[in-house]
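# Structural characterization, general
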Amino acid sequence: MADDSTSRFQAGQTGLIVRIPDAELAVRAWRERFDPSAQAGVPAHVTVLFPFLDESRIDARVRSALADTIGSHHAFDLRFERCGRFPGVLYLAPEPDTQLRRLTEVIADRWPEAQPYGGQFTEIVPHLTVADGQDDAVLDEIEADLLGRLPLTAGVSSVDLMVHDGAKWQERTSFALLG
């Protein structure tokens, strides 16, 4: 979800993610050690929109609008062939990322108060975080291991609404993409 310390997560925070279960075997051990979101219960994923609306605002009307918005997009496949980096962060880069970017854009357009990463970054860069807050030597070690496990592919057929309960992230609802 957020590439951030779990202490900054607050009860009621939400996010929209695409689960990537096909990546779990390759990344689980690294994420459990070096990704705070994994430690907080978030599976291997690519974030669509974080933060989204506070849980108190997600009523039947919002869930219906999300279902309509997400459900108007087709399911798609992703391929992970390479790693990428932000400062202190190692991630798997999904290709193509066009559908992920589009989902983020249409949801943020529908709920302009929910800008990706709180408006902190101007460019949307879809990614599957493997390690966060680490120095280059650690990231180099992880990347060398991951490159031997790539490529991997994943089918994307839904977007999940995750909610932080004050301690862990929990899935609340899954919204299907067009089959």
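On a predicted model such as this, the values are computed, not experimentally measured, just so you know.

A separate point is the pairing of strand S5 (residues 128-132). Burial analysis of S5 places five of its five residues in the buried class, the great majority of the element. Alignment of strand S4 (residues 89-95) against S5, held across four bridges, turns out to be antiparallel. The partner of Leu-90 across the bridge, within S5, is Ala-131.

Moving on: the confidence of the model for the chain. The share of residues in the chain with pLDDT of 70 or more is 96%, and the mean pLDDT across the chain is 95. For residues 2-6, every residue scores under 50 in pLDDT, and the model assigns this stretch 12 contacts once sequence neighbours within four places are set aside.

This part covers the pattern of salt bridges. One pass over the full model with this rule turns up 14 salt bridges. Across the pair Arg-19 and Asp-160 runs a salt bridge whose closest N-O atoms are separated by 2.4 Å. Of the two residues, Arg-19 sits in strand S1 (residues 14-19) while Asp-160 sits in strand S7 (residues 158-164), which places them 141 residues apart along the sequence. We classify Arg-19 as partly exposed; its relative accessible area is 30%. For Glu-24, the salt bridge goes to Arg-28, with nearest N and O atoms at 3.6 Å. Note that Glu-24 and Arg-28 are positioned in helix H1 (residues 24-34) at a spacing of four residues, about one turn of the helix.

Below, the discussion takes up the pairing of strand S8 (residues 169-176). Bridge count for S7 against S8 is seven bridges, and the pairing is antiparallel. Its bridge partner lying in S8, Val-163 is registered against Gln-170. Taking the residues between adjacent antiparallel strands as the criterion, S7 and S8 are bridged by four residues, where Gly-166 takes a positive phi near 110 degrees.

Let us now look at the nonpolar core. Core analysis: the largest hydrophobic core is formed by 47 residues, its most contacted members being Ile-20, Phe-52, Phe-80, Ile-107 and Leu-128. Filtering out sequence-adjacent residues up to four positions away, Ile-20 remains in contact with Ala-44, His-45, Val-46, Leu-78, Phe-80, Leu-128, Ala-154 and Val-156.

Bringing the sheet that holds strand S2 (residues 45-49) into the picture now. The pairing of strands in a sheet comes from backbone hydrogen bonds and takes either a parallel or an antiparallel form. Read across the sheet, four strands follow the order S2-S1-S7-S8 without closing on themselves; strand pairing throughout is antiparallel. Edge strands, defined here as strands with exactly one partner in the open sheet, are S2 and S8. Neighbour to neighbour, the strand axes of the sheet diverge by 35 degrees on average, direction disregarded. Relative to S7, S1 is paired through four bridges, and the arrangement is antiparallel. Residue pairing for S7: Ile-17 is matched across the bridge by Asp-160. Across the face of the sheet, helix H3 (residues 60-71) comes into contact with S1, S7 and S8 while running at roughly 55 degrees to S8.

Read from one edge of the open sheet, four strands run S5-S4-S3-S6, paired in antiparallel fashion. Each end of this open sheet is capped by a strand with a single partner; those strands are S5 and strand S6 (152-156). Here the average twist between neighbouring strands, direction ignored, is 30 degrees. Strands strand S3 (76-86), S4 and S5 of the sheet are contacted by helix H5 (residues 136-147), whose axis makes an angle of about 150 degrees with S3.

Quick notes on the rules
- Residues numbered from 1 in each chain as written.
- Predicted model: local features only at pLDDT ≥ 70, side-chain atom pairs only at ≥ 80, totals over all residues.
- Heavy atoms only, no water.
- Buried < 20%, exposed > 50% of the residue type's maximum accessible area, 1.4 Å probe, protein only.
- Helix = DSSP H or I, 4+ residues; strand = E, 2+ residues; numbered from the N terminus.
- Pairing = 2+ DSSP bridges.
- pLDDT = per-residue confidence, 0-100.
- Contact = heavy atoms within 4.5 Å.
- Salt bridge = Lys/Arg side-chain N within 4 Å of Asp/Glu carboxyl O.
- Core = buried A, V, L, I, M, F, W, Y, C linked by side-chain atoms within 4.5 Å.
- Axes fitted to C-alpha atoms, helices over the stretch in contact; angles between N-to-C directions.

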